[in-house]
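Here is how the chains run, residue by residue.
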Amino acid sequence: MNHDFFPSDELIRRAGTGDLDAAVELDHAGFLVQPGENAETYAARIAEVKKHGLQFYDRFDKKGKLEIFPGLNVDLKNQIPQEILEEATARTEEAYQFSVRWVPGFFPDREFGIFWGGCAVWEEENPTPVIVIRKNFAKRAKWFIYDRAELISHEFCHAARMPLMDQELEEHFAYGISKKWLRRAIGNCFQKDLDAILFVIPAVLLALVQAAITILQLNNSLILPFWILALAWPVYLIIRNIIQTSHYKAAKRNLEKAGFRNARAILFRSVYEEICTFSKTKPDQLRALLKEKAEQEFRWNVILQTERVPE
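A brief report on the enclosed structure follows. In this text, all values refer to a predicted model and were calculated from it rather than measured experimentally.

About the thresholds
- Residues numbered from 1 in each chain as written.
- Predicted model: local features only at pLDDT ≥ 70, side-chain atom pairs only at ≥ 80, totals over all residues.
- Heavy atoms only, no water.
- Helix = DSSP H or I, 4+ residues; strand = E, 2+ residues; numbered from the N terminus.
- Polar contact = N/O pair within 3.5 Å; in protein donor to acceptor, adjacent residues only side chain to side chain.
- Contact = heavy atoms within 4.5 Å.
- 1 Å grid on protein atoms, 1.4 Å probe; cavity = no way out; pocket = protein on both sides within 12 Å on 5 of 7 lines; lining within 4 Å.
- Points joined across faces, edges and corners; volume = space filled by probe spheres on them.
- Pairing = 2+ DSSP bridges.
- Axes fitted to C-alpha atoms, helices over the stretch in contact; angles between N-to-C directions.
- Parallel < 35°, antiparallel > 145°, perpendicular 65-115°, else oblique.
- Left-handed = near helix turned anticlockwise from the far one by under 90°.
- Phe/Tyr/Trp six-rings, centres within 6.5 Å; stacked < 30°, edge-to-face > 60°.
- Buried < 20%, exposed > 50% of the residue type's maximum accessible area, 1.4 Å probe, protein only.
- Salt bridge = Lys/Arg side-chain N within 4 Å of Asp/Glu carboxyl O.
- Patch = residues over 30% accessible without salt bridge, like charges linked within 9 Å, V, L, I, M, F, W, Y side chains within 5 Å.
- Areas by Shrake-Rupley, 256 points an atom, 1.4 Å probe, with all protein chains shown as cover.

1. Observations concerning the side chain of S270
Item 1. Relative to the helices and strands, S270 resides in the loop between α10 (263-268) and α11 (272-280).
Item 2. Side-chain polar atoms of S270 contact the backbone oxygen of I266, separated by 2.8 Å.
Item 3. When residues no more than four places from it in sequence are discounted, the contact partners of S270 are R161, L164, D166, I275, F278, R299 and W300.

Laid out in structure tokens, this is it:
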């Protein structure tokens, strides 16, 4: 069961004293340091996540069932086997140098239509997410348009980066593991619910107006404002995505030119403001900048102590 993979109390205690080796080990397990956290507050937060994560299993009823979201129930008998979860950790390890093994995963009692592949659920009282994927993936690595390992690794990325509370490139990193070029390219367009709503509603309105014009035999020129409305938000999303990902690409290029071995892992642990700064900093100045950040912030001290960067 996934609760066996929570870090030991001793490891958390050591990290809280400023032991960088312990903090790096926690970082590698997917417990990223929040901006502004010191060693003590970081360790306290991880201890709290562990406490709630362990308590999650105590909430199942005598039949081994639990409602984690209204209408969404999971059963202890239907936990995602560890070997399936390892397919996803292999991908996050390769891409971003972390392996989340403490997040519970289940095949749920019900599903939400043919286009639903899976999701992560955050309960209000529990900072540990719960991953649910459709039952088809119990015996199949691929189903419909979905890849099992990609779905789970996508949610692992969100689970790890959640403490950063950084929205602009969140989906970029999660979709960055995909083997599909199109998903990697446009996945970051939809960053919040409003993006999807403003994408769909004008398109539906356009279809309704077109139907009305056809039925009532009105002038076709009346449809033009609705075409503009339907295209405006998608164009905005695309332009925003191009601008944001261009900062990421420039930052990655500068880090690599500065001699860092795994720029993707460093940027995964960075917030958008930092990524923009790295994109504008010359490679020969970047090492000095990160050294200065490490002297000022515990988080960057941890990042620069890992094997992701050269000595």
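2. Brief notes about the layout of surface pockets
Item 1. Space inside the largest pocket adds up to approximately 1,100 Å³.
Item 2. Lining the largest pocket are 31 residues; nearest its centre among them are H154, H158, E171, Y175 and F190.
Item 3. Those elements that provide at least two residues to the lining of the largest pocket are β4 (118-123), β7 (146-147), α5 (148-161), α6 (170-175), α7 (181-186) and α8 (193-216).
Item 4. Here the lining of the largest pocket takes 5 residues from α5, the largest share from any one element.
Item 5. There is about 310 Å³ of room inside the second largest pocket.
Item 6. Contributing to the lining of the second largest pocket are 14 residues, with H172, R184, A185, T245 and K249 lying nearest its centre.
Item 7. Those elements that place two or more of their residues in the lining of the second largest pocket are α7 and α9 (224-257).
Item 8. If you tally residues by element for the lining of the second largest pocket, the top one is α9, at 6 residues.

3. Brief notes about the pairing of strand β1 (residues 65-69)
Across a regular strand the side chains alternate sides, sitting on one face of the sheet and then on the other.
Item 1. As judged from the 4 bridges shared by β1 and strand β2 (residues 72-75), these two strands associate in the antiparallel manner. Looking across to β2, one finds that L66 is bridged to V74.

4. Re the packing of helix α4 (residues 82-96) against α5
Item 1. Two numbers describe how α4 lies on α5: the axes approach to 8 Å, and their chain directions differ by 60°. Taken together, α4 and α5 sit at an angle that is classed as oblique. The two elements α4 and α5 cross, and the hand of that crossing is right-handed. Together, I84, L85, E87, A88, T89, R91, T92 and Y96 of α4 and R148, A149, E150, I152, S153, F156 and C157 of α5 make up the contact between the two elements.

5. A word on the packing of aromatic side chains
Item 1. One pass over the full model with this rule turns up 18 aromatic pairs.
Item 2. Between F31 and W102 the ring centres are 4.5 Å apart and the planes differ by 15°, which places this aromatic pair in the stacked class. A residue pair is termed long-range when its members are at least 10 positions apart, and F31 in the loop between α2 (20-28) and α3 (39-58) and W102 in the loop between α4 and β3 (105-106) qualify at 71 residues.
Item 3. For F31, a relative accessible area of 3% gives the class buried.

6. Focus: the pattern of salt bridges
As a working rule, side chains carrying opposite charge can pair if their charged atoms are close by.
Item 1. Under the criterion given, the structure shown has 18 salt bridges.
Item 2. With a shortest N-O distance of 3.0 Å, K65 and D75 are connected by a salt bridge. Of this pair, K65 sits in strand β1 while D75 sits in strand β2, and the two are 10 residues apart along the sequence.
Item 3. According to the relative accessible area criterion, K65 is partly exposed, its value standing at 34%.
Item 4. Classification of D75 by relative accessible area gives buried; the value is 4%.

7. Observations concerning a nonpolar patch on the surface
Item 1. Residues L224, W227, I228, L231, V235, I239 and I243 make up a contiguous nonpolar surface patch of roughly 680 Å² in combined accessible area.
Item 2. Mapped onto the elements, L231 comes out in helix α9.
Item 3. Overall, the relative accessible area of 47% leaves L231 in the partly exposed class.

8. Remarks on unusual backbone geometry
Item 1. For F144, which is not a glycine, the phi torsion comes out positive at approximately 55°.
Item 2. Relative to the elements of secondary structure, F144 occurs in the loop between β6 (142-143) and β7.
Item 3. With a phi close to 50°, M165 is a non-glycine residue in the positive phi region.
Item 4. Tracing the backbone shows M165 in the loop between α5 and α6.

9. Describing the side chain of R45
Item 1. As for its position among the elements, R45 is in helix α3.
Item 2. From its side chain, R45 meets the backbone oxygen of L32 in a polar contact 2.7 Å long.
Item 3. At 2.7 Å, the side chain of R45 and the side chain of E37 are in polar contact.
Item 4. Each residue touching R45, except ones within four places of it in the same chain, is listed here: L32, V33, Q34, E37 and P163.

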